[in-house]
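The primary structure of each chain is shown beneath.
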Amino acid sequence: MTAAVIDGKAFAEGLRARVADYAATFEQSAGRKAGLAVVLVGDDPASQVYVASKARQTVACGMASFEHRLPADTAQADLIALVDRLNADASVDGILVQLPLPAHLDEQAVVERIDPAKDVDGLTPISTGRLALGLPGLVPCTPLGSLMLLKDRLGSLSGLDAVVIGRSILVGKPMAQLLLAENCTVTIAHSRTRDLPDVVRRADIVVAAVGRPELVRGDWLKPGAVVIDVGINRLPPAEGEAKGRLVGDVAYAEAMAVASAVTPVPGGVGPMTIAVLLRNALVAAHRNAGVPLAEGAL
Ligand code: NAP
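Residues numbered from 1 in each chain as written. Predicted model: local features only at pLDDT ≥ 70, side-chain atom pairs only at ≥ 80, totals over all residues. Heavy atoms only, no water.

> Could you clarify how one ought to interpret the overall build of the protein chain in this entry?
Scanning the protein chain for helices and strands turns up ten helices and eleven strands. Taking 298 residues into account, the globule formula puts the C-alpha radius of gyration at 19 Å, and the protein chain, at 19 Å, falls close to it. Across the 298 residues that make up the protein chain, the buried fraction comes to 47%. Within the protein chain, contacts between residues at least 6 apart in sequence are counted, and of these 68% link residues at least 24 apart. Accessible area of the protein chain: about 13700 Å², with a carbon and sulfur share of 54%. Charged side chains in the protein chain number 28 positive and 32 negative. The centres of these two groups are separated by 2 Å. (Helix = DSSP H or I, 4+ residues; strand = E, 2+ residues; numbered from the N terminus. Rg over C-alpha atoms; globule rule 2.2 N^0.38 Å. Buried < 20%, exposed > 50% of the residue type's maximum accessible area, 1.4 Å probe, protein only. Contact = heavy atoms within 4.5 Å. Areas by Shrake-Rupley, 256 points an atom, 1.4 Å probe, with all protein chains shown as cover. Lys, Arg positive; Asp, Glu negative; His and termini not counted. Charge placed at Lys NZ, Arg CZ, Asp CG, Glu CD.)

> Honestly, the site of the ligand in this entry has me stumped. Any pointers?
The full set close to the ligand counts 21 residues, and Arg-167, Ser-168, Ser-191, Ile-232 and Thr-273 are the nearest of them. One of the side-chain N or O atoms of Arg-167 is found 2.7 Å from an oxygen atom in the ligand. A distance of 3.5 Å separates a nitrogen atom of the ligand from a polar side-chain atom of Arg-212. In the complex, the protein chains occlude 71% of the 930 Å² of accessible area that the ligand would expose alone. Of the residues assigned to the shell around the ligand, the class counts are nine nonpolar, ten polar and two charged. (Near = heavy atom within 4 Å. Polar contact = N/O pair within 3.5 Å; in protein donor to acceptor, adjacent residues only side chain to side chain. Nonpolar A, V, L, I, M, F, W, Y, C, P; charged D, E, K, R; others polar.)

> Looking at this model, I keep getting lost on the side chain of Ser-127. Mind explaining?
With respect to the secondary-structure elements, Ser-127 resides in helix α5 (residues 125–133). Overall, Ser-127 belongs to the buried group, its relative accessible area being 5%. A distance of 2.5 Å separates the side chain of Ser-127 from the side chain of Asp-119, its partner in a polar contact. Of the polar contacts made by the side chain of Ser-127, one reaches the side chain of Thr-124; its length is 3.0 Å. If we skip the residues at most four places from it in the chain, Ser-127 touches Pro-116, Asp-119, Gly-122 and Leu-138.

> How do you make sense of the sheet that holds strand β4 (residues 94–97) when you look at a structure like this?
Spatial strand order, β3-β2-β4: three strands in an open sheet with parallel pairing. The open sheet has two edge strands, β3 (64–70) and β4, and neither has a second partner. Across the sheet, the mean angle from the axis of one strand to that of its neighbour is 15°, orientation sign disregarded. Strands in contact with helix α2 (residues 45–60) are β2 (35–41), β3 and β4; relative to β3, the strand with the most contacts, it is inclined by about 160°. (Pairing = 2+ DSSP bridges. Axes fitted to C-alpha atoms, helices over the stretch in contact; angles between N-to-C directions.)

> Explanation requested: the sheet that holds strand β7 (residues 205–208) in the structure shown.
Pairing between the strands of a sheet is mediated by backbone hydrogen bonds and can be parallel or antiparallel. Spatially, six strands are ordered β1-β11-β8-β7-β5-β6 in an open sheet, and the strand pairing comes out parallel. Each of the sheet's edge strands pairs with one partner strand only, and the pair in question is β1 (4–5) and β6 (185–189). Together, β1, β7, β8 (226–229) and β11 (261–262) form the strand contacts of helix α6 (residues 141–154), whose direction differs from that of β8 by roughly 160°.

> What exactly am I supposed to notice about unusual backbone geometry here?
Peptide bonds are, in most cases, trans, and in most cases residues other than glycine have a negative phi. In this model, Leu-99 is joined to Pro-100 through a cis peptide bond whose omega is 0°. Along the chain, the position of Pro-100 falls in the loop between β4 and α4 (107–113). Residue Pro-266 follows Val-265 across a cis peptide bond; omega there is 0°. You can see Pro-266 is positioned in the loop between β11 and α10 (270–289). Notably, Asn-183 is not glycine yet its phi reads approximately 70°, a positive angle. Of note in the backbone geometry, Glu-214 takes a positive phi value of approximately 55° without being a glycine. Assignment of secondary structure puts Glu-214 in the loop between β7 and β8.

> Explanation requested: helix α7 (residues 172–181) in the structure shown.
Spacing of three or four residues puts side chains on the same side of an α-helix, whose turn is 3.6 residues. Inspection of α7 places Gly-172, Pro-174, Met-175, Ala-176, Leu-178 and Leu-179 among the buried residues, and these make up the whole buried set. Asn-183 occupies a position one or two residues after α7 and carries a positive phi of about 70°.

> Would you mind showing me how to read the pairing of β7 here?
In summary, the side chains of a regular strand alternate between the two faces of the sheet. Side chains Ile-205 and Val-207 of β7 all project onto a buried face; the interleaved residues Val-206 and Ala-208 project onto the opposite face, where all are buried too. Strand direction decides the pairing type here: strand β5 (residues 161–165) and β7, joined by four bridges, are parallel. Bridge assignment links Val-163 to a residue of β7, and that residue is Val-206. Note that β7 and β8 share four bridges and pair parallel. Residue pairing in the sheet places Ile-205 in a bridge with Val-226 of β8.

> Sorry if this is basic, but what is going on with the pattern of salt bridges here?
When the charged atoms of two side chains with opposite charge come close together, those side chains can pair. As enumerated under the stated definition, the model contains eight salt bridges in all. Measuring nitrogen to oxygen at the nearest pair gives 3.2 Å for the salt bridge that ties Glu-182 to Lys-151. Here the residue Glu-182 occupies a position in the loop between α7 and β6, and Lys-151 occupies one in helix α6, the gap between them amounting to 31 residues. With relative accessibility at 37%, the residue Lys-151 sits in the partly exposed group. Between Arg-201 and Asp-198 there is a salt bridge, with the nearest N and O atoms lying 2.9 Å from each other. Within this pair, Arg-201 and its partner Asp-198 are both found in helix α8 (residues 196–201), separated by three residues, close to a single helical turn. Among the residues examined, Arg-201 registers a relative accessible area of 35% and is labelled partly exposed. Residue Asp-198 is classed as partly exposed on the basis of its relative accessible area, which comes to 43%. (Salt bridge = Lys/Arg side-chain N within 4 Å of Asp/Glu carboxyl O.)

So, in structure tokens, the structure goes:
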């Protein structure tokens, strides 16, 4: 058996096209564009690439992009003051502070300062709490994008056994909450889990968000399982390669021989993250401007 490849790139393109349509009608109703502000502190090259890509895609979807690049030695008080200004700015619907921040800054305090109505990354305690309570709110982009791919593939997830490997605030925990809300029976595994292969073997849905190259092997999977590989790991360069290959947390070729569907790395979950960020910004814009948006429209 060869599993189907879950094409996150194509799904993300479709989502961005829907966002662009709704962004245009939002602009007509609200008399302004939806706006997303991205704050980058320091000059981490990977973060620079992400931020540039976010700004480009925001504009391409017909929304306003506000970029704030601050030097690496920015003081906590200055960063907090910027977040306060963005909170108060009516043209800004979403605020994303690119993480990680330089070590001298208190990341948690900065995230907590973001107005939950503009928390497009879904990381404030209010957003996290609302997700746990099953209340509407903004949900972290990568797990929400992973859920969209799962629902597109499987339809109803009700009653399925799901194993999420990883318990980060960014991916594992919100992923588990989302799957629980879809009536899955959810297990969260982590670095202290005993006999991980056995735990994974019972899952109809496996979400790997670990950061360990090819940790999950084909013989850990139940035949027919659907596998969402969130991991992005760069291998050391092989001889003659300038850069090492990107691989996920799942041994892809092995999984393809056992599972029914697998997300590739790259081209699976990765492209979903920015598309969902734009979606979250537009959902926030509708709420902030009091413009109705049909439930499930985006
Ligand atoms: P993280 O904060 O480092 O969390 C990793 C989790 O994996 C932790 O809960 C850890 O357990 C668990 N873990 C580590 N080693 C393990 C092992 N051997 N067996 C079982 N569990 C283990 O990472 P993250 O932010 O969630 O990200 C995870 C991966 O997803 C990374 O590769 C990251 O690059 C990728 N990612 C991709 C996207 C995207 O857009 N596609 C977005 C975000 C992240 P403990 O809690 O016990 O330490």
